[in-house]
Amino acid sequence: NKSQDSGIAEMEELPVPHNIKISNITCDSFKISWEMDSKSKDRITHYFIDLNKKENKNSNKFKHKDVPTKLVAKAVPLPMTVRGHWFLSPRTEYTVAVQTASKQVDGDYVVSEWSEIIEFCTADYSKVHLAQLLEKAEVIAGRMLKLSVFYRNQHKEYFDYSREHHRNAMQPSVKDNSGSHGSPISGKLEGIFFSCNTEFNTGKPPQDSPYGRYRFEIAAEKLFNPNTNLYFGDFYCMYTAYHYVILVIAPVGSPGDEFCKQRLPQLNIKDNKFLTCDEEDGVMVYHHAQDVILEVIYTDPVDLSLGTVAEITGHQLMSLSTANAKKDPSCKTCNISVGR
């Protein structure tokens, strides 16, 4: 396991790092520290840090593997912050190993043996990163159109199951991994997906759907009102010209509300670029952004008796489904400078 690099000499005198600790992990940085024997410690001028994405057993064997990356860093007091040296992706498993080095007069290095290999996982996007995504989404949201209902398409069996096994209520389920890789709601937040986009010419929901021929429709005020909070969840595209914005509606004080409050930017329900709820002449009025496709997650169960279920007259467009859809990492519109 000794270094094979040309121009690097091998000597046992330099202390080998051990008891490596990774701390202060974010989506694009971490701190690293370790212990060393005091012998020859004063000769250390540099640290070599070898960081690699952890191999995914299910990854394509013929795909080009990430090139192992070695960081040469000046010997600074530990813990050392690693940020910006690599393009770190959020929510990704990495392996890291360290060796100490002493730079010689001729420019070559004397190095220790490599430490043990440590594994760690980078964090989700923070509220700061989501605020950057939010700003990007606001730029392209477009003008606001009126809406009156939220709707959810599914197969007939889904609604039958909800009636028979869940006392007529649709139940929240864990959000899939669609959207941004660093999204803090993927695989964690429980909710029910609804749509609310309308057709420009009719003001009503489109008759086609990617998600099943049966549609549950519910009056907007039954899900979204002053007793609910609204959060920005994500902004992404799937190698397409159109973009998706994920919003979360959570009843005030509910478990979903507490989850979002800690992790997501909260939006003013009366004044934001995506989905608004306001009172005009004693009546609740609702608007949605025209130029993005909104995916709305409601965090509590929803009783089917609060709306209607009927078969759509249009087509089931499976190709438009966003289930576990991967975000286009090269799109300049919906990516921020950290992670993918």
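Heads up: the structure comes first, above all this text.
Residues numbered from 1 in each chain as written. Predicted model: local features only at pLDDT ≥ 70, side-chain atom pairs only at ≥ 80, totals over all residues. Heavy atoms only, no water.

### Observations concerning the nonpolar core
Soluble globular proteins tend to bury their nonpolar side chains together.
Next, step 1: Counting 57 residues, the largest nonpolar core has Phe150, Phe194, Phe232, Phe274 and Leu275 as its most contacted members.
Next, step 2: The biggest single contributor to this core is strand 17 (residues 244-251), with seven residues.
Next, step 3: Grouped together as the second largest cluster of nonpolar side chains are 22 residues, Leu14, Ile22, Phe30 and Tyr94 included. (Core = buried A, V, L, I, M, F, W, Y, C linked by side-chain atoms within 4.5 Å. Buried < 20%, exposed > 50% of the residue type's maximum accessible area, 1.4 Å probe, protein only. Helix = DSSP H or I, 4+ residues; strand = E, 2+ residues; numbered from the N terminus.)

### Comments concerning the packing of aromatic side chains
Next, step 1: Summed over all chains, the structure comprises 10 aromatic pairs.
Next, step 2: Measuring from centroid to centroid gives 5.1 Å for Phe48 and Tyr109, while their planes differ by 70°, and the two rings are edge-to-face. Residue Phe48 is located in strand 4 (residues 46-53), and its partner Tyr109 is located in strand 8 (residues 109-111); the two are separated by 61 residues in the primary sequence.
Next, step 3: Relative accessible area serves as the criterion here: at 2%, Phe48 is assigned to the buried category.
Next, step 4: Through a chain of ring-to-ring contacts, three or more aromatic side chains come together here, namely Phe30, Tyr94 and Phe120. (Phe/Tyr/Trp six-rings, centres within 6.5 Å; stacked < 30°, edge-to-face > 60°.)

### Details of the sheet that holds strand 20 (residues 283-289)
Next, step 1: Pairing in this open sheet of three strands is antiparallel, and the strands run 10-20-19 from one edge to the other. Edge positions in the sheet fall to strand 10 (144-147) and strand 19 (275-280), since each has one partner strand and no second. Going across the sheet, the axis of each strand differs from the next one's by a mean of 35°, ignoring polarity.
Next, step 2: Here four bridges tie strand 10 to strand 20, and the two strands are oriented antiparallel to one another. If you follow Lys146 over to strand 20, its bridge partner there is His287. (Pairing = 2+ DSSP bridges. Axes fitted to C-alpha atoms, helices over the stretch in contact; angles between N-to-C directions.)

### A short note on the side chain of Thr122
Next, step 1: Within the secondary structure layout, Thr122 lies in the loop between strand 9 (118-121) and helix 1 (127-140).
Next, step 2: Here Arg91 takes part through its backbone nitrogen, which lies 3.1 Å from a polar atom of the side chain of Thr122.
Next, step 3: Side-chain polar atoms of Thr122 contact the backbone nitrogen of Thr92, separated by 2.9 Å.
Next, step 4: Apart from the residues lying within four places of it in its own chain, the contact partners of Thr122 are Ile25, Thr26, Cys27, Ser89, Pro90, Arg91, Thr92 and Tyr94. (Polar contact = N/O pair within 3.5 Å; in protein donor to acceptor, adjacent residues only side chain to side chain. Contact = heavy atoms within 4.5 Å.)

### Remarks on helix 2 (residues 156-165)
Next, step 1: Along helix 2, the positions that sit buried rather than exposed are Tyr158, Phe159 and Ser162. Down the axis of helix 2, the buried side of the element spans an arc of 95°, and every buried residue falls inside it. Along helix 2, exposed side chains directed more than 90 degrees from the buried face belong to Glu157 and Glu164.
Next, step 2: In the core, the buried residues of helix 2 are packed alongside strand 11 (149-154), strand 12 (169-170), strand 15 (214-219) and strand 23 (307-311).
Next, step 3: Positive phi shows up at Arg167, right after helix 2, with a value of about 55°. (Arc of directions from axis to C-beta.)

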